[in-house]
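Here's the letter readout for the chains.
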Amino acid sequence: MVKLVIWDLDDTLWRGTLAEGDDVELFERRAQVIRALNRHGVVSSICSKNSFEGARAKLTDLGLWDEFVFPKIAFEPKPQAIAGLLADMQLRAADTLFIDDNPINLHEAKFVLPELNVLDITAPGSDEALEAILADQPASRNRLAEYRQLEQRKQDRLAVGPLSDEEFLHSCEIRACPVAMMANLDFIDRIVELVNRSNQLNYTQSRIDADVLRNEITSGYLNYYCWSIFVEDKYGDHGLVGFVMIDRNTCQFRHFVFSCRVMHMGIENFALRVVGKFFPEKVVPAAWRQRFGWSEAQWVTERSYEDPETRQSLFAGQGLGITAKPQLRIMCACQSGGLAHYSKARAEIDFDIWPRLFDLKRFADETVDDADLPPFLAYGAGTDYKDEAWPELAHLLDGELYQTCLQRMCERIQKRGINLLVLLPPENLPGHQYGPEGLTRERTIRYNALWRDAVQQYPCVTTLDIQEICGPEAMVDVNHHRPAALETVARWVDIWYSHVKSMDAAAA
């Protein structure tokens, strides 16, 4: 896959020799290819024996200067210039195409960099070959801004001189945001692109299909944990530049992949720091450590995905039109992201993700603040049926505590005009699909009945019996759905949401 095209200038991008005073004439067809490559995520650079200022002035006049990054314009041997350019851009020769009109330059570059792809622009059909390369590029995004950030960082690193690498990294103000589990369903396309485009920092040498990845993430409760890594620093927003997936049973990595644009920034070490909180026994191959060391990358500050401003920033950076003022919140613990992903109303939805989780226990305190609740709620009641959800209060659950909190919640949301859909966990599962910590079939039946009674008392409450739309085979356990069941439940949430919204609009 071509990621970079390096262009000669004289008799390649334009007809004539600039340094000899020729009135050079642009090959417009090739200029159009450069612009189109940028739109497809393939950047262009320059390797030309010319005056830097003169070439820049001419390219500016032609409206092309801003189409290039990391230009190497100087009277120096081209093989060494290209090698330095690739080192600066943190790209491989195998992912690079060098275009020149001089066969000697092409052969010399190929000799020094055997994996480099080269194209003699004077050969018959060369322009058609360039256009074929363009046609083979998958849909992507313009990466010019990202490489300009890298270019500025490289320039600043040279300018600071005596600072150690670690001191310089501290000065870069690097901030990383790990996004966990089903929240990554919003970023499937970018994750697939990252995994399938990355070579140098694809430590697992993995490739992935979007549907396979979607299934692995939505069934992660059984097999995998995963995080995407977003990075920004004082140079700008680098976007989603890392993805990690670990087998929860073996503690071995399924994916450990990063963009070459964040090479040497310590992002791999930061990712291991995140993984280590959940999997201290993670298996990190020695060969990986030889590449990025044992540092904890303390110069990387963690941003929380829990913060609304952070989430909106990530959504905007990925071009997702998700509102900052959600109308519907899905409160189903770790299943929330999957339900949001499969909903047709995704752009209007906020959903719970650890550690920001709704819990019914909050209503044990009569002064609880519920200002964070939007006009519509979809709540997985079973998440609060287990003792674990009631620390220090679990011994009171078989008394009146649960019913008291249920009633307080219903009264509060009815007073605020909030509509609530309660997803009732199945009562007909085999015994092994009910959990420990008090989450028995008997408790499920008893608490479900309390919610059905609430429907009669509180007009704002609706219940959806999961067992009526999903059979036992669709459930991992009483609170966890298999991927197909998530789609089914999301469809029913959509039906309810559309109906109550239209009713509210009619009443208004």
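Model, not experiment: these values are computed from the prediction. (Residues numbered from 1 in each chain as written. Predicted model: local features only at pLDDT ≥ 70, side-chain atom pairs only at ≥ 80, totals over all residues. Heavy atoms only, no water.)

Q: Sorry, what's going on with empty space enclosed by the protein here?
A: Unoccupied space between atoms shows up once a probe the size of one water molecule is rolled over them. For the structure shown, the criterion picks out 2 cavities of 30 Å³ or more. If you add up the space inside the largest cavity, you get close to 190 Å³. As for the largest cavity, its lining consists of 19 residues, and the residues nearest its centre are Lys3, Arg197, Ser198, Ser259 and Cys260. The dominant element in the lining of the largest cavity, judged by the number of residues it contributes, is helix H8 (residues 188-197), at 3 residues. Its residues placed into classes, the lining of the largest cavity shows 6 nonpolar, 4 polar and 9 charged. There is about 120 Å³ of room inside the second largest cavity. (1 Å grid on protein atoms, 1.4 Å probe; cavity = no way out; pocket = protein on both sides within 12 Å on 5 of 7 lines; lining within 4 Å. Points joined across faces, edges and corners; volume = space filled by probe spheres on them. Helix = DSSP H or I, 4+ residues; strand = E, 2+ residues; numbered from the N terminus. Nonpolar A, V, L, I, M, F, W, Y, C, P; charged D, E, K, R; others polar.)

Q: Help me understand the layout of surface pockets, please; the structure alone is not making it clear to me.
A: Approximately 1400 Å³ is the volume found for the largest pocket. What lines the largest pocket is a set of 47 residues, and nearest its centre among them are Ala333, Cys334, Ile353, Trp354 and Leu357. Of all the secondary structure elements, the ones that give two or more residues to the lining of the largest pocket are strand S8 (175-180), helix H9 (210-218), strand S9 (224-233) and helix H10 (267-278). For the lining of the largest pocket, the residue count by class is 26 nonpolar, 9 polar and 12 charged. In this structure, the second largest pocket encloses a volume near 670 Å³. Lining the second largest pocket are 29 residues; nearest its centre among them are Gln90, Lys154, Met263, His264 and Met265. Of all the secondary-structure elements, those providing two or more residues to the lining of the second largest pocket are helix H6 (144-160), helix H7 (165-171), H10 and helix H11 (286-292). Here the lining of the second largest pocket takes 7 residues from H6, the largest share from any one element. Partitioned by chemical class, the residues of the lining of the second largest pocket number 12 nonpolar, 7 polar and 10 charged.

Q: I tried to follow the pattern of salt bridges on my own but got confused; where do I start?
A: Pairs can form between side chains of opposite charge once their charged atoms are near each other. One pass over the full model with this rule turns up 33 salt bridges. Between glutamate 146 and arginine 261 there is a salt bridge, and its shortest N-O distance comes to 3.2 Å. You can see glutamate 146 sitting in helix H6 and its partner arginine 261 sitting in the loop between strand S11 (253-258) and H10, a full 115 residues away along the chain. We note that glutamate 146, like arginine 261, is buried. The network of salt bridges with shared partners includes Arg141, Arg143, Glu146, Arg190, Glu193 and Arg261. (Salt bridge = Lys/Arg side-chain N within 4 Å of Asp/Glu carboxyl O. Buried < 20%, exposed > 50% of the residue type's maximum accessible area, 1.4 Å probe, protein only.)

Q: How should I be thinking about the pairing of strand S1 (residues 4-7) in this particular structure?
A: Side chains on a regular strand alternate between the two faces of the sheet. Because side chains alternate across S1, one face comprises the buried residues Leu4 and Ile6, and the other comprises Val5 and Trp7, equally buried. Bridging between S1 and strand S6 (residues 96-100) involves 4 bridges; their strand directions are parallel. From the neighbouring strand, leucine 4 faces S6, where its bridge partner is threonine 96. Note: S1 against strand S4 (residues 43-48), 4 bridges, orientation parallel. Counted as the bridge partner of leucine 4 is valine 43 from S4. (Pairing = 2+ DSSP bridges.)

Q: Sorry, what's going on with the sheet that holds S1 here?
A: Strand pairs in the sheet, formed through backbone hydrogen bonds, run parallel or antiparallel to each other. One open sheet holds the 5 strands; their spatial order is S5-S4-S1-S6-S7, and the pairing between them is parallel. Whereas interior strands pair on both sides, the edge strands pair on one side only; in this sheet they are strand S5 (72-73) and strand S7 (117-120). Sitting on the sheet, helix H4 (residues 103-112) touches S6 and S7, and the angle it makes with S6 is about 155°. Across the sheet, helix H5 (residues 126-136) lies against S1, S6 and S7, angled at about 145° from S7, the strand it touches most. (Contact = heavy atoms within 4.5 Å. Axes fitted to C-alpha atoms, helices over the stretch in contact; angles between N-to-C directions.)

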